[in-house]
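Spelled out from the first residue to the last, the chains are:
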Amino acid sequence: MKKILVTLAITTLLVIVACGDSTTSPSASGDWFPMAVGNWWFSNMEGSWTDSQGDTTSTWIGSFDTRIIAEVQHNNGFLVSERRAYRTMTNIIPDSTWTTVDTLYHYFQQTDEELRCYDNLTTTEYKIYAKFPITLNETWSHNDSTGTVLEVISLSETVNVSAGTYNDCALIRETVTIGSSQWITDHYYHRGTGIVKNIMSTDGMHGTIQLQSYNVQ
């Protein structure tokens, strides 16, 4: 069960990696989520979880290759940015190792007020990953049934990753309740770059995703 929950949590985290805006977006808001077709971000991830006795039972390593491949029309008549993400994840436990490779698609719309993520081009349900303008201490929930809560924790974070050092990053904390567990993910955004780092944690589990290289127009 824990293996399944970790996979779900990483998938949730992946949705936000390099999310962006449509071409009709206000530039001041769009700077946080650069979304021109052809933009790409490559990130590495690593993490581990432990059993109830405190012994390490599993680790994972992997990478994300996310690209903006098109601007398409949602069935409700507005434009969205189509994001394709390749995820490679290797799981290592004492008696076995296995690798999974997935391709995921998501669709982003940015209005004057918020950044929305749709799972497909027909659903009217969406997640809200940012409220504009990004304001310290503001909180909100997704427009869905997950009970996810997000909060702007800081607007002045410094982040060091392989892609470089980024100052004045926005830190948006996402809290998801899954059964009796609470999953907390810190998302670090840099204006003009997009998301540069994620830190995910819950009881007995910790993971990070860090930007390695990117191309933003």
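Residues numbered from 1 in each chain as written. Predicted model: local features only at pLDDT ≥ 70, side-chain atom pairs only at ≥ 80, totals over all residues. Heavy atoms only, no water.

Novice: Honestly, the packing of aromatic side chains in this entry has me stumped. Any pointers?
Specialist: Each aromatic ring pair is characterised by the separation of its centres together with the angle its planes make. Going through the model one piece at a time under the given rule, you end up with five aromatic pairs. The interplanar angle of 65 degrees and the centroid separation of 5.9 Å between the aromatic rings of Phe33 and Phe132 together place this pair among those described as edge-to-face. Highlighted residues: Phe33 in the loop between helix 2 (27–30) and strand 1 (40–50) and Phe132 in the loop between strand 6 (127–131) and strand 7 (139–141), separated in sequence by 99 residues. Both residues of the pair, Phe33 and Phe132, count as buried. On the basis of an interplanar angle of 70 degrees and a centroid distance of 5.1 Å, the ring pair of Phe33 and Tyr189 is categorised as edge-to-face. Linking Phe33 in the loop between helix 2 and strand 1 with Tyr189 in strand 10 (residues 181–190), this pair joins segments that are 156 residues apart in sequence. Considered together, Phe33 and Tyr189 belong to a single accessibility category, that of buried residues. (Phe/Tyr/Trp six-rings, centres within 6.5 Å; stacked < 30°, edge-to-face > 60°. Helix = DSSP H or I, 4+ residues; strand = E, 2+ residues; numbered from the N terminus. Buried < 20%, exposed > 50% of the residue type's maximum accessible area, 1.4 Å probe, protein only.)

Novice: Just checking my understanding: could you explain the pattern of salt bridges for this structure?
Specialist: Working definition: two side chains of opposite charge can pair if their charged atoms are close together. The tally for this structure, following the rule as stated, stands at five salt bridges. Here Glu114 and Lys131 are joined by a salt bridge, their closest N and O atoms 3.0 Å apart. Placement of the pair is Glu114 in strand 5 (residues 114–118) and Lys131 in strand 6, with a sequence separation of 17 residues. Salt bridges sharing partners connect three or more residues here, namely Glu114, Arg116 and Lys131. (Salt bridge = Lys/Arg side-chain N within 4 Å of Asp/Glu carboxyl O.)

Novice: What am I meant to see in unusual backbone geometry here?
Specialist: Note on backbone geometry: most residues besides glycine have negative phi, and most peptide bonds are trans. In this model, Phe132 is joined to Pro133 through a cis peptide bond whose omega is -10 degrees. Tracing the sequence through the fold places Pro133 in the loop between strand 6 and strand 7.

Novice: Can you walk me through the nonpolar core in this structure?
Specialist: The nonpolar side chains of a soluble globular protein tend to be buried with one another. Core analysis: the biggest nonpolar cluster contains 33 residues, and Phe33, Leu115 and Val196 have the highest contact counts within it. Elements with a minimum of two residues in this core: strand 4 (96–110), strand 5, strand 6, strand 8 (149–161), strand 9 (164–178), strand 10 and strand 11 (194–202). For this core, the leading source of residues is strand 9, giving five residues. Met45, Trp60, Phe64 and Trp183 belong to the second largest nonpolar core, which has 10 residues in total. (Core = buried A, V, L, I, M, F, W, Y, C linked by side-chain atoms within 4.5 Å.)

Novice: Mind showing me how you'd approach the side chain of Ser58 here?
Specialist: Position of Ser58 among the secondary structure elements: in strand 2 (residues 56–73). With a relative accessible area of 1%, Ser58 lands in the buried category. Engagement of the side chain of Ser58 in a polar contact is seen with the backbone oxygen of Ile92, the distance being 3.4 Å. If we ignore the near neighbours within four places in the chain, the residues touching Ser58 are Ser48, Trp49, Ile92 and Ile93. (Polar contact = N/O pair within 3.5 Å; in protein donor to acceptor, adjacent residues only side chain to side chain. Contact = heavy atoms within 4.5 Å.)

Novice: Help me out: how do you make sense of the side chain of Asp186 in this one?
Specialist: Along the chain, Asp186 falls in strand 10. Looking at Asp186, the relative accessible area reads 11%, which means it is buried. Within polar-contact distance, the side chain of Asp186 engages the side chain of Arg173 at 2.6 Å. Not counting the four nearest positions on each side in its chain, Asp186 is found in contact with Leu171, Ile172, Arg173, Lys197, Asn198 and Ile199.

Novice: It is not clear to me how the pairing of strand 12 (residues 205–215) should be interpreted in this structure. Could you clarify?
Specialist: Looking down a regular strand, the side chains alternate between one sheet face and the other. Note that strand 1 and strand 12 share 10 bridges and pair antiparallel. Bridge pairing in strand 12 places Trp49 opposite Met205. As paired elements, strand 11 and strand 12 share six bridges and run antiparallel to each other. Across the sheet, the residue bridging to Met200 is Gly207, located in strand 12. The antiparallel hairpin formed by strand 11 and strand 12 contains two residues in its connecting segment, where Gly204 sits at a positive phi of about 80 degrees. (Pairing = 2+ DSSP bridges.)

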